[in-house]
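Report on the structure
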Amino acid sequence: MPEIAEGMLVGKTIANAAAIDDSSVFGKVGTSGKEVEAALKGRTVVSAGSQGKYFWIALDKPPHLVMHFGMTGWVHINGERTAYTNYYKKMKESDIAQWPPKFWKFHISTDDEVPVEVAFTDARRFGRVRLVNCPGESIRKHSPLVENGPDPVVDKDLFTEAYLRGKMRSRHVPIKALLLDQAMISGIGNWVADETLYQAKLHPEQYSDTFSDKEIKKLHESIRYVCQLAVDKLGDSDEFPEHWLFNYRWGKGGKDSATKLPNGEKLAFITVGGRTSCYAPGVQKKTGAGAVIAFAKVEPGKNKPAKDKPVKSEPKEEEEEEVAEEKKPKRSRKQATPVKEEPEESEEEVPPAKKRRGKTATEESKPSPVKKAAPEEDQGRRRSGRLRK
């Protein structure tokens, strides 16, 4: 994505800009549609870049535009199919030709004789578009990017085996939770973490500081391999290798969901760090201490998990990375659950509260037994969490 934007926009002047005053996409990060319009109109694009799921456009004068794609955010260029492939597979040609595209939040056009037209869309409104007031070359040194760790693809010189080893040895948390911590590594979402652990044959619950140097080396190689290939394929999951766990991890508990891999390895689901995790127990075995399996019975004085430091994981909407919607059993309109906006700070999707069914007066007076939390459903449409180039 940065390369496409760079080739199409860099060096060009924005003649026109329009933005919808969306209180979530703009408002929750302290700006508005009108402010974005004013910041873009008449400015020249100097450069473009990305880090994890952040994408920015540096202008000839601050403030600069920084976007986080969230679940369904994306940048479209009129006449170019820059969005993930399956987005277009589900659309009619008449819809593809529509400009600005559906669910647009802002769009711009250059002052060329044949203008370059670019639009940001976000159907679910978990994306964020903000203005950052700093020198263009220093965007990554300012919030929100400065709080994030190195990108495995963009920052090859920073995301080294030694870096990963140091972070793993300095924490005592399940490795799956560590991988999701954006302060440690940028851009690793739920499915990417599951895939890298499967490729490295490591158990998602094993504590990060209990792996050998050999295992850490393998994990580093797997992270680089999975992230780089996803970027090389432009996020088109149809192009991912057939043997990847990605192709079989969706639709947990669904009628058509996979229960094993083509090689016969069975699949299992557990909750690690508050996230649904898919793994192959036959090959991903613990070689060191690990957290107690989610929802397992803990006897007094036995199997007590160590107190872990809090982990800053990526926004929870990543749980529904739009990657395998086609594989999920579809709900009827009656069953569909309304989407609630996430809290302002965490940018997480808040699961809707269950409606309380009617009870008799006697039942109301009885104390409700404490129920164990149900594992979070792993969802998503067919798209990689690492879409950039």
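Further up the page is the structure itself.
Structure report, in brief.

The rules behind the values
Residues numbered from 1 in each chain as written. Predicted model: local features only at pLDDT ≥ 70, side-chain atom pairs only at ≥ 80, totals over all residues. Heavy atoms only, no water. Helix = DSSP H or I, 4+ residues; strand = E, 2+ residues; numbered from the N terminus. Buried < 20%, exposed > 50% of the residue type's maximum accessible area, 1.4 Å probe, protein only. Contact = heavy atoms within 4.5 Å. Areas by Shrake-Rupley, 256 points an atom, 1.4 Å probe, with all protein chains shown as cover. Phe/Tyr/Trp six-rings, centres within 6.5 Å; stacked < 30°, edge-to-face > 60°. Axes fitted to C-alpha atoms, helices over the stretch in contact; angles between N-to-C directions. Parallel < 35°, antiparallel > 145°, perpendicular 65-115°, else oblique. Left-handed = near helix turned anticlockwise from the far one by under 90°. Pairing = 2+ DSSP bridges.

Attention now goes to the overall build of the protein chain. Scanning the protein chain from N- to C-terminus turns up 9 helices and 10 strands. Classification of the 389 residues of the protein chain by burial places 48% in the buried group. Pairs at least 24 apart in sequence give 70% of the contacts found in the protein chain among residues at least 6 apart. Working note: accessible area of the protein chain is about 19200 Å², and carbon and sulfur atoms make up 51% of it.

Here the focus is the packing of aromatic side chains. By the definition in use, this model includes 12 aromatic pairs. Look at Trp191 and Phe246: their rings are 4.7 Å apart centre to centre, the planes differ by 70°, and that puts the pair in the edge-to-face class. With a gap of 55 residues between them, Trp191 in helix H7 (residues 190–200) and Phe246 in the loop between helix H8 (213–232) and strand S9 (268–272) connect regions that are remote in the sequence. What makes Trp191 buried here is its relative accessible area of 0%. Here Phe246 falls in the buried class, since its relative accessible area comes to 0%. Taken together, the aromatic side chains of Trp191, Tyr225, Phe240, Trp244, Phe246 and Trp250 make up a single cluster linked through ring pairs.

Closest axis-to-axis distance for the helix H5 (residues 161–169)/H8 pair is 9 Å, and the angle between their directions is 120°. On the basis of their axis angle, the class for H5 and H8 is oblique. Two packed elements cross with a definite hand, and for H5 against H8 that hand is right-handed. Here Glu161, Leu164, Arg165, Met168 and Arg169 of H5 come into contact with H8, specifically with Asp213, Ile216, Lys217, Leu219, His220 and Ile223.

Okay, the pairing of strand S10 (residues 275–279) next. Counting buried residues in S10 gives 5 out of 5 residues, a clear majority hidden from the surface. Burial along S10 is two-sided: Arg275, Ser277 and Tyr279 and Thr276 and Cys278, pointing in opposite directions, are all buried. Turn length for the S9-S10 hairpin, with the two strands adjacent in sequence and antiparallel, is 2 residues, and the turn residue Gly273 shows positive phi of about 60°.

Attention now goes to unusual backbone geometry. Residues Pro62 and Pro63 are joined by a peptide bond in cis, for which omega reads 0°. Looking at the secondary structure, you find Pro63 in the loop between strand S3 (54–59) and strand S4 (64–68). With an omega of -5°, the peptide bond running from Trp99 to Pro100 counts as cis. Of note, Pro100 is situated in the loop between helix H4 (93–97) and strand S6 (104–110). Of note in the backbone geometry, Lys201 takes a positive phi value of approximately 60° without being a glycine. Along the chain, the position of Lys201 falls in the loop between H7 and H8.

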